[in-house]
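Single-letter residue listing:
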Amino acid sequence: MAPEPDARQLNAFIDGELDLAGQLAMESRLAQDAGLRAQVESLHSLRRAVTGHADYHVAPAALRGRIQALGASSQLAAPRHSGGKAALQRWFAWRPLLSSLGAVALLAIVFNLTLLQPGRDERLEQEVIASHVRATLTQHLVDVASSDHHTVKPWLSSRLDFSPPVPELGILGSAFLGGRVDYLDGRPVAALVYRQGEHVVNSFVWPGAGADSGISVSTQRGFQIAHWTRDGMKHWVISDVNRDEFMAIVRELALSDVRR
């Protein structure tokens, strides 16, 4: 039996810092270990509580410019191979000056250091990839197999705490396969599954706070990934189709939100 994951591994899993093999292995452990699932959910709840209630302060542009200028001048005197750790050490070498700037300067430093941490979207992107790969490798693409959204939508709504939009693609060569309940961002989500030619497309949907956002597109590990938020719903789409076909699918899904 594999050893119990330690706190470092659990935090890396929640932060999306494990590689794909590690992510899948941890998810397999979670499926079999209720105690471990409770630990992970507790950590997710803590993260949501902190990010949901923490104050966010943007450093003044003039102050950020002064600090960046100081950092640039200190890097000129440093060896090229000094790396990120040495750069941070050089920052703290300026503490007499920074202390004179007061609390606002401290906030500016915290602001810049947080940029080094994996963003929430980056963590979600890794979760989306892992879920897509797991579903395709295990051939467990759908829980309810139907090409009719009138069948899939009520099935998902009865198993989730929300009613997801279930669009059907009007694109040549596409087919709606059905849906399943998946798990992303620390909660159950709707996964709508399409086939474009020989390629599987997973579209994940769940409620989320925040303003509407435009479509962001990236390529990771050979997968095309897009995400956006509209009318209180988060959307993440992933497939290994070519870029042009993928963008046509994304536009169709995004337009379906507008038509609703």
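Residues numbered from 1 in each chain as written. Predicted model: local features only at pLDDT ≥ 70, side-chain atom pairs only at ≥ 80, totals over all residues. Heavy atoms only, no water.

Asks: Please set out the overall build of the protein residue by residue, giving values where relevant.
Replies: Tallying secondary structure elements over the protein gives 10 helices and 7 strands in all. The buried share of the protein, reckoned over its 260 residues, is 38%. When the accessible surface of the protein is totalled, it reaches about 14,400 Å², and 58% of it is carbon and sulfur. (Helix = DSSP H or I, 4+ residues; strand = E, 2+ residues; numbered from the N terminus. Buried < 20%, exposed > 50% of the residue type's maximum accessible area, 1.4 Å probe, protein only. Areas by Shrake-Rupley, 256 points an atom, 1.4 Å probe, with all protein chains shown as cover.)

Asks: For the layout of surface pockets, give the residues involved together with the corresponding values.
Replies: Space inside the second largest pocket adds up to approximately 600 Å³. Around the second largest pocket sit 25 residues that line it, and Glu27, Ser131, Arg134, Asp182 and Tyr183 are the ones nearest its centre. At the level of elements, α1 (7–14), α2 (20–32), α3 (34–53), α8 (120–138) and β2 (174–184) are the ones that each hand at least two residues to the lining of the second largest pocket. Per-class residue counts for the lining of the second largest pocket are 9 nonpolar, 7 polar and 9 charged. (1 Å grid on protein atoms, 1.4 Å probe; cavity = no way out; pocket = protein on both sides within 12 Å on 5 of 7 lines; lining within 4 Å. Points joined across faces, edges and corners; volume = space filled by probe spheres on them. Nonpolar A, V, L, I, M, F, W, Y, C, P; charged D, E, K, R; others polar.)

Asks: Report on the confidence of the model for the protein, specifying residues and quantitative values.
Replies: Per-residue confidence for the protein averages 78 on the pLDDT scale, and 67% of its residues sit at or above 70. Low confidence marks residues 96–101, where pLDDT is under 50. Its contacts with residues over four positions away, or in another chain, come to 6 contacts. Scored below 50 in pLDDT, residues 103–118 makes 17 contacts in the model with residues more than four places away or belonging to other chains. (pLDDT = per-residue confidence, 0-100. Contact = heavy atoms within 4.5 Å.)

Asks: Before we move on, could you go through the environment of Arg230 and cite the residues and values that matter?
Replies: Note that Arg230 resides in strand β6 (residues 223–230). By relative accessible area, Arg230 is classed as partly exposed at 21%. Side-chain polar atoms of Arg230 contact the backbone oxygen of Ala254, separated by 3.0 Å. (Polar contact = N/O pair within 3.5 Å; in protein donor to acceptor, adjacent residues only side chain to side chain.)

Asks: For the environment of Thr136, give the residues involved together with the corresponding values.
Replies: Relative to the elements of secondary structure, Thr136 occurs in helix α8. By relative accessible area, Thr136 is classed as partly exposed at 24%. Measuring from C-alpha to C-alpha, the distance between Thr136 and His199 comes to 10.0 Å, with 63 residues separating the pair along the chain. Setting aside chain neighbours within four positions, we find Thr136 in contact with Leu141 and Val200. In this structure the side chain of Thr136 is engaged in a polar contact, spanning 3.0 Å, whose partner is the backbone oxygen of His132.

Asks: Mind laying out the environment of Arg221, listing which residues take part and the relevant values?
Replies: By the element assignment, Arg221 lies in the loop between β5 (213–220) and β6. Taking the C-alpha atoms as reference points, Arg221 and Ile129, 92 residues apart in sequence, are found 8.6 Å from one another. Polar side-chain contacts of Arg221 include one of 2.4 Å to the side chain of Gln126.

Asks: Would you mind going over the sheet that holds β6 in detail, with residue names and values included?
Replies: Ordered by their spatial adjacency, 7 strands build an open sheet running β1-β2-β3-β4-β7-β6-β5, and the pairing between neighbours is antiparallel. Since the sheet does not close on itself, it has two edges, and those belong to β1 (144–145) and β5, each with one partner. As paired strands, β6 and strand β7 (residues 233–239) are joined by 7 bridges and run antiparallel to one another. Looking at β7, one finds that Ile225 is bridged to Ile238. Across the sheet, helix α9 (residues 149–157) is in contact with β1, β2 and β3 (187–196); its angle to β2 comes to roughly 5 degrees. (Pairing = 2+ DSSP bridges. Axes fitted to C-alpha atoms, helices over the stretch in contact; angles between N-to-C directions.)

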